[in-house]
There are 2 protein chains.
Amino acid sequence: ITEGKNETLQHLLEEVHYADVAELITELETDEAIYLIKLLENDVSSDVIAELDEDDRENILKGLSSKEIAEELDELDTDDAADIIGELSEKQKEEVIAHLDDVEHAKEIVELLRYDEDTAGGLMAKELVKVNENWNVLTCVKEMRAQAEEVTRVHSIYVVDDNDILKGRLSLKDLLTTSTRSPITDVFIKNVDSVNVHEAADEVAKIMQKYDLEAIPVVDEIGRLVGRITIDDIVDVIKEEAEKDYQMAAGISKDVEADDTILELTKARLPWLVLALFGGFVSVSILGGFSEAMDNYPVLFFFTPLIAAMAGNVGVQSSAIIVQGLANDSLRGSLFKRLIKEVLQSLLNGFVLAALLMSAGMFFLGFQFKVGLTVAISLISVIIIASIIGTFVPIILDKRGIDPALATGPFITTSNDIFGILIYFLIAKLILGF
Amino acid sequence: ITEGKNETLQHLLEEVHYADVAELITELETDEAIYLIKLLENDVSSDVIAELDEDDRENILKGLSSKEIAEELDELDTDDAADIIGELSEKQKEEVIAHLDDVEHAKEIVELLRYDEDTAGGLMAKELVKVNENWNVLTCVKEMRAQAEEVTRVHSIYVVDDNDILKGRLSLKDLLTTSTRSPITDVFIKNVDSVNVHEAADEVAKIMQKYDLEAIPVVDEIGRLVGRITIDDIVDVIKEEAEKDYQMAAGISKDVEADDTILELTKARLPWLVLALFGGFVSVSILGGFSEAMDNYPVLFFFTPLIAAMAGNVGVQSSAIIVQGLANDSLRGSLFKRLIKEVLQSLLNGFVLAALLMSAGMFFLGFQFKVGLTVAISLISVIIIASIIGTFVPIILDKRGIDPALATGPFITTSNDIFGILIYFLIAKLILGF
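Residues numbered from 1 in each chain as written. Chains lettered and ligands numbered in written order. Predicted model: local features only at pLDDT ≥ 70, side-chain atom pairs only at ≥ 80, totals over all residues. Heavy atoms only, no water.

**Student:** Requested: an account of the overall build of chain A, with residues and values cited.
**Tutor:** Regarding its fold elements, chain A presents 22 helices and six strands. A globule of 434 residues ought to have a C-alpha radius of gyration of about 22 Å, yet chain A, at 30 Å, is considerably larger. C-alpha extents for chain A along the principal axes are approximately 90 × 60 × 35 Å. Residue pairs in contact within chain A that sit at least 24 positions apart in sequence constitute 66% of those at least 6 positions apart. Element-wise, carbon and sulfur atoms account for 54% of the exposed surface of chain A, whose accessible area totals about 19600 Å². Chain A carries 36 positive and 77 negative side-chain charges, and their two centres are separated by 9 Å. (Helix = DSSP H or I, 4+ residues; strand = E, 2+ residues; numbered from the N terminus. Rg over C-alpha atoms; globule rule 2.2 N^0.38 Å. Contact = heavy atoms within 4.5 Å. Areas by Shrake-Rupley, 256 points an atom, 1.4 Å probe, with all protein chains shown as cover. Lys, Arg positive; Asp, Glu negative; His and termini not counted. Charge placed at Lys NZ, Arg CZ, Asp CG, Glu CD.)

See the structure below:
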């Protein structure tokens with residue numbers, strides 16, 4: 001398609017939503033994509049660029065000059081513009097900022113660049129509608145019209161005093177339903193939730209979800225209104241958080257995607273596999289240490305994968321339940337109670353599984369009673385211990401400020417394999433006395 | 001606290017946000033919670049009830065009469081009211097609906113009950129602001145004021161024709177900035193995204209995220225406006241979806257929480273453990289079938305947990321990457337290319353790990369070269385096969401309409417364990433010839 005017919009193309013893309021154009025662009029070769037971006041009006045192409053995946057965007061921005069990038073950013077909201085500038089190299093960052101046409105806009109973007117990505121400051125945009133508490137409804141509506149030009153979507157109107165301190169909010173609904181002469185002080189809602197600019201992004205997400213907010217004002221240390229966060233940015237935070245947990249559980253260390261290069265994928269996966277390999281060596285050594293059992297009870301060695309797998313599965317189940325409880329702030333009650341509960345539950349699971357194992361093992365596979373008993377007792381012990389480790393490791397990690405989702409990954413699975421095998425052979429040695 | 005001082009309590013709770021009251025209530029005994037709910041004004045207590053977890057709500061509603069429940073529901077938006085009624089028994093459902101004061105409201109709730117929970121119809125609320133395309137801005141503002149009374153948050157104003165067919169939308173911003181005499185036809189935006197009432201909830205979530213929408217109108221088969229879905233409901237869909245995937249990966253079959261009863265937790269966990277146990281039996285049989293190897297190469301049996309663990313880890317990694325790609329609609333390119341890529345990547349991982357294994361095994365653990373080679377070759381083969389299974393099982397499940405996240409759970413891990421051990425011993429038999 002990209003062979004000349006510019007006008008037809010322009011005409012064709014005019015009607016298409018920018019999110020669809022962005023999707024189309026990811027399917028093109030980089031030079032075709034750059035060509036298309038340059039063809040589009042800046043107000044569309046900027047949205048397309050903001051919508052792209054980080055990797056795709058990097059490729060396309062490489063094909064644009066600093067001036068061209070600045071032209072795109074002039075069209076974007078401050079939060080999206082700051083995110084994109086944040087991805088550039090230090091040198092290009094300065095060049096692009098120098099090329100921004102709108103000085104106010106540039107100043108705001110530079111301010112946003114100061115904040116850490118994972119804080120309220122990193123999420124917020126400077127675009128908002130604010131009114132002074134001393135105005136009346138009429139001045140307010142006039143001012144709002146002027147301000148609203150710059151703001152894509154008006155969520156709430158924030159009320160500030162002369163020092164820009166956040167005092168409350170005003171709903172569009174109230175504004176529509178009150179006389180134009182009433183002073184703002186009589187109309188506005190004094191109770192307004194806000195977050196500090198240094199609040200962690202996931203905390204902001206929790207607050208906005210709990211109170212069902214669609215936008216939240218951000219204030220600095222002394223309560224001055226500095227920006228606002230909207231729910232669509234929070235949706236991204238929630239999704240990323242969930243994806244990170246999921247990847248950790250699966251043993252993938254960086255944020256990778258199926259379409260990344262083989263080298264990137266390997267970098268994300270290999271470290272965990274090496275860890276698992278070393279865990280495997282430990283179990284090899286343990287088994288080697290019990291090799292004298294091979295003479296009398298070779299059958300014991302057939303059960304090691306079963307015991308290891310059960311330990312791993314039980315541990316991951318326990319951890320996953322706790323990790324979700326921590327993520328939703330829904331864990332209550334004392335640690336001791338939780339311990340008792342986990343042990344009781346493991347006993348229940350353990351007895352059912354051990355009974356199945358004994359009956360299947362003795363009737364169908366024809367093992368000795370003593371061996372069956374050994375494996376069954378080991379199974380129950382392993383389940384109890386794996387579930388205790390699975391429950392308490394995430395709690396301890398969380399208390400130390402480490403992401404508890406780490407506990408659902410290969411690290412714990414590998415440890416549980418090792419503990420499981422060790423316990424199994426210790427119990428076997430006790431009962432069978434080899 | 002709940003020993004008499006009603007007025008003090010009422011006064012105390014007046015200032016508290018309903019989400020905080022809901023949190024407080026989950027910490028109380030059920031009878032105290034019911035006492036507190038009855039003490040609160042209906043407009044607060046209804047929000048509190050809607051905010052509660054399903055289990056907690058069930059307990060509290062048991063303590064209220066059908067009439068009391070109806071009084072609470074009268075205060076709620078139709079979508080929340082319908083969700084709560086949906087949780088009641090058939091008999092109580094009818095009683096509560098009969099007790100609803102507002103007939104219009106009752107009719108709308110009954111309509112919503114018809115739709116499946118996981119569709120647009122199950123998510124939508126009937127509360128919305130709509131105007132006729134033939135009105136002018138002044139009539140429109142008047143009508144909106146009346147309608148807006150019932151709607152908690154005005155997102156968009158939808159424009160319909162005389163037959164209630166959705167024609168477009170109107171932004172509050174535009175309404176604020178145009179003359180009161182202009183006809184609506186001149187002002188409204190004709191291009192409006194909407195979803196069909198039977199669209200799946202996760203599709204709605206994808207659409208709203210892609211186009212960054214905060215609310216979307218829902219239409220029936222012939223295009224009539226029947227409701228609207230807001231982003232906060234979509235946030236819940238996204239979170240539930242992510243939690244479900246995570247739980248599936250961890251081998252938990254129902255939506256359980258850490259604070260559920262032991263029996264509920266066991267019901268969610270035991271089926272997967274039984275599955276893993278049977279998988280374990282299969283590996284016991286396989287190992288038993290190769291027991292003749294024990295005479296000459298007992299050391300082979302020490303490596304089974306290592307091989308099984310590597311197969312499990314690699315499989316889960318591959319599946320998790322594909323499951324996330326499917327969830328984000330970001331998988332591109334042919335299946336054959338994906339196969340080649342997965343094999344190349346596995347070869348890379350496999351060679352690194354095999355080299356580590358050979359050097360560690362021979363230098364530190366002192367195994368024979370032939371045994372080391374056998375284990376190393378098996379490791380590479382197992383990694384390749386596990387990653388192919390891990391990649392294609394979720395793709396196949398997805399094509400058949402089954403949730404691909406199932407593939408990251410114990411089912412695939414267990415299968416990979418079995419395949420891994422089988423391949424390992426087959427290769428050992430080939431090389432060592434026992």
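That covers the picture; the talk isn't over yet.
**Student:** Please provide a residue-by-residue account of the packing of helix H19 (residues 304-327) of chain A against helix H15 (residues 231-250) of chain B, values included.
**Tutor:** Taken N-terminus to C-terminus, the directions of H19 of chain A and H15 of chain B make an angle of 160°; their axes are 9 Å apart at the nearest point. Here H19 of chain A lies roughly antiparallel to H15 of chain B, going by the angle between them. Between H19 of chain A and H15 of chain B lies a crossing whose hand is right-handed. Across from Val316, Gln317, Ala320, Val323 and Gln324 of chain A in H19 of chain A, the residues of H15 of chain B making contact are Glu243, Tyr246, Gln247 and Ala250 of chain B. Per-class residue counts for the contact of H19 of chain A with H15 of chain B are five nonpolar, three polar and one charged. (Axes fitted to C-alpha atoms, helices over the stretch in contact; angles between N-to-C directions. Parallel < 35°, antiparallel > 145°, perpendicular 65-115°, else oblique. Left-handed = near helix turned anticlockwise from the far one by under 90°. Nonpolar A, V, L, I, M, F, W, Y, C, P; charged D, E, K, R; others polar.)

**Student:** Explain the sheet that holds strand S5 (residues 215-219) of chain A to me, and be specific about the residues and the numbers.
**Tutor:** Adjacent strands of a sheet form backbone hydrogen bonds with each other and so pair up, either parallel or antiparallel. All names here are of chain A. Overall, mixed pairing links the three strands, which are arranged S4-S5-S6 in an open sheet. Unpaired on one side and paired on the other, strand S4 (195-196) and strand S6 (225-230) mark the two borders of the sheet. Bridge count between S4 and S5: two bridges; the pairing is parallel. Bridging across to S5, Asn196 finds its partner in Val219. (Pairing = 2+ DSSP bridges.)

**Student:** Can you break down the packing of helix H21 (residues 369-399) of chain B against helix H22 (residues 410-432) of chain B residue by residue, with the values?
**Tutor:** Residues and elements named next belong to chain B. Packing of H21 against H22 leaves a shortest axis separation of 9 Å and a crossing angle of 145°. By crossing handedness, the relation of H21 to H22 is classed as right-handed. Within the contact between the two elements, H21 uses Lys370, Thr374, Val375, Ile377, Ser378, Ser381, Val382, Ile385, Ala386, Ile389 and Val393 and H22 uses Ile412, Asn416, Phe419, Gly420, Ile423, Tyr424, Ile427, Ala428, Ile431 and Leu432. Tallied by class, residues from the contact of H21 with H22 come to 15 nonpolar, five polar and one charged.

**Student:** Please provide a residue-by-residue account of the packing of aromatic side chains, values included.
**Tutor:** All names here are of chain A. Under the criterion given, the structure shown has 10 aromatic pairs over all chains. Taking the centre distance of 5.7 Å and the plane angle of 75° together, the rings of Phe278 and Phe281 count as edge-to-face. Of the two residues, Phe278 and Phe281 both sit in helix H16 (residues 262-289), three residues apart, roughly one turn of that helix. Residue classification places Phe278 among the partly exposed residues on the basis of a relative accessible area of 43%. (Phe/Tyr/Trp six-rings, centres within 6.5 Å; stacked < 30°, edge-to-face > 60°. Buried < 20%, exposed > 50% of the residue type's maximum accessible area, 1.4 Å probe, protein only.)

**Student:** Break down the relation of the copies chain B and chain A for me, citing the residues and quoting the values.
**Tutor:** Rotating chain B by 180° about the axis while translating it 0.0 Å along that axis superimposes it on chain A, leaving an RMSD of 0.1 Å. This pairing of chains is accounted for by a two-fold axis. Across chain B, the smallest distance between a C-alpha and the rotation axis is recorded for Pro305 of chain B, namely 2.5 Å. With an isologous cut-off of 70% or more, the 100% of interface residues of chain B that recur at the interface of chain A puts this contact in the isologous class. (Least-squares fit on C-alpha atoms with pLDDT ≥ 70 in both.)

**Student:** Lay out the interface of chain B and chain A in plain terms, naming residues and giving numbers.
**Tutor:** Facing 108 residues of chain B, the contacting portion of chain A comprises 108 residues. When the two sides are added together, the surface that chain B and chain A hide from each other amounts to roughly 10000 Å², 63% of it contributed by carbon and sulfur. Viewed at the interface, chain A and chain B are joined by six salt bridges. The closest approach of N and O atoms between Glu342 of chain A and Arg269 of chain B, which form a salt bridge, is 3.4 Å. Linking chain B with chain A are 22 residue pairs in polar contact (both at pLDDT 80 or more). (Buried area = accessible area lost by both parts, 1.4 Å probe. Salt bridge = Lys/Arg side-chain N within 4 Å of Asp/Glu carboxyl O. Polar contact = N/O pair within 3.5 Å; in protein donor to acceptor, adjacent residues only side chain to side chain.)

**Student:** Before we move on, could you go through the domain arrangement of chain A and cite the residues and values that matter?
**Tutor:** The domains assigned to chain A are domain 1 (6-118), domain 2 (129-238) and domain 3 (262-432). The C-alpha centroid of domain 3 of chain A is placed 50 Å from the C-alpha centroid of domain 1 of chain A. (Domains from an automatic or database assignment.)

**Student:** Summarise a nonpolar patch on the surface; cite the residues concerned and give the values.
**Tutor:** Residues and elements named next belong to chain A. On the surface, a nonpolar cluster with roughly 300 Å² of combined accessible area is contributed by Phe336, Ile340 and Leu344. Along the chain, Ile340 turns up in helix H20 (residues 335-364). Overall, Ile340 belongs to the partly exposed group, its relative accessible area being 39%. (Patch = residues over 30% accessible without salt bridge, like charges linked within 9 Å, V, L, I, M, F, W, Y side chains within 5 Å.)

**Student:** Give me the lowdown on the pairing of strand S6 (residues 225-230) of chain B, citing residues and values where you can.
**Tutor:** All names here are of chain B. With six of six residues buried, S6 lies mostly within the body of the structure. Strand direction decides the pairing type here: strand S5 (residues 215-219) and S6, joined by five bridges, are antiparallel. Looking at the pairing, Ile216 lines up with Ile229 of S6. Here S5 folds back onto S6 in antiparallel fashion, the turn holding five residues, of which Gly223 has a positive phi close to 90°.

**Student:** Kindly report on the sheet that holds S5 of chain B, identifying the contributing residues and their values.
**Tutor:** One open sheet holds the three strands; their spatial order is S4-S5-S6 (chain B), and the pairing between them is mixed. On the outer flanks of this sheet lie strand S4 (195-196) and S6 of chain B, each paired with one strand and no other.

**Student:** Describe helix H4 (residues 42-51) of chain B, listing the residues and the values that go with them.
**Tutor:** Residue and element names in this part refer to chain B. Listed as buried for H4 are Ser45, Ser46, Val48 and Ile49. All buried residues of H4 project into a common sector of 160° when viewed along the axis, lining one side. On its buried face, H4 is in contact with helix H2 (18-26), helix H3 (30-39), helix H5 (54-62), helix H6 (66-74) and helix H7 (78-86). (Arc of directions from axis to C-beta.)

**Student:** So what's going on with the side chain of Asp79 of chain B? Residues and values would help.
**Tutor:** Residue and element names in this part refer to chain B. Note on placement: Asp79 falls in helix H7. Although Asp79 lies buried, it forms no salt bridge, and the closest oppositely charged side chain, Arg228, sits 5.1 Å away as judged by the N-O distance. Ignoring any residue separated from it by four or fewer positions in sequence, one finds Asp79 in contact with Leu112, Leu123, Met124, Ala125 and Asp233.

**Student:** Residue-level account of the side chain of Ser381 of chain B, with values.
**Tutor:** All names here are of chain B. Among the secondary structure elements, Ser381 is positioned in helix H21. Reaching out from Ser381, the side chain makes a polar contact with the backbone oxygen of Ile377 at a distance of 2.8 Å. Apart from residues lying up to four places away in sequence, Ser381 is in contact with Ile423 and Ile427.

**Student:** If you had to explain a negative patch on the surface to someone new, which residues and values would you point to?
**Tutor:** All names here are of chain A. Taken together, Asp53, Glu54, Asp55, Asp83, Asp116, Glu117, Asp118, Asp202, Asp236, Glu240 and Asp255 make up a surface patch of like negative charges. Taken together, the elements giving at least two residues each to the negative patch come down to helix H5 (54-62) and helix H15 (231-250). Mapping Asp55 onto the fold places it in helix H5.

**Student:** With reference to specific residues and values, describe the pattern of salt bridges.
**Tutor:** Going through the model one piece at a time under the given rule, you end up with 34 salt bridges over all chains. With its nearest N and O atoms 2.6 Å apart, the salt bridge here joins Asp20 of chain B to Lys210 of chain A. Pair noted here: Asp20 of chain B is in helix H2 and Lys210 of chain A is in helix H14 (residues 201-210), and the two residues belong to different chains. Residue Asp20 of chain B is classed as partly exposed on the basis of its relative accessible area of 25%. Across the salt bridge formed by Glu71 of chain B and Lys67 of chain B, the nearest N and O atoms sit 3.2 Å from each other. Here Glu71 of chain B and its partner Lys67 of chain B are both found in helix H6, four residues apart, which amounts to about one turn of the helix. Because the salt bridges share partners, they merge into one network encompassing Asp20 and Glu23 of chain A together with Lys210 of chain B.

**Student:** Residue-level account of H16 of chain A, with values.
**Tutor:** The α-helix advances 3.6 residues per turn, and as a result positions three or four apart in sequence lie on the same side. Taking 1.5 Å as the rise per residue, H16 of chain A with 28 residues should run 40 Å; its terminal C-alpha atoms sit 39 Å apart, in good agreement. Of all bends in H16 of chain A, the biggest is about 35°, found at Arg269 of chain A, and the proline Pro271 of chain A comes one to four residues later. (Expected span 1.5 Å × (residues − 1). Bend = angle between axes of the 7 residues up to and from the residue.)

**Student:** Could you give an account of unusual backbone geometry, naming the residues involved and the relevant values?
**Tutor:** Residue and element names in this part refer to chain A. If you check the backbone angles, Asp164 has positive phi at about 70° while not being a glycine. Along the chain, the position of Asp164 falls in the loop between strand S2 (157-160) and strand S3 (166-170). Residue classification places Asp164 among the partly exposed residues on the basis of a relative accessible area of 26%. In the Ramachandran plot, Asp212 falls in the positive-phi region, its phi being about 50° despite a non-glycine side chain.

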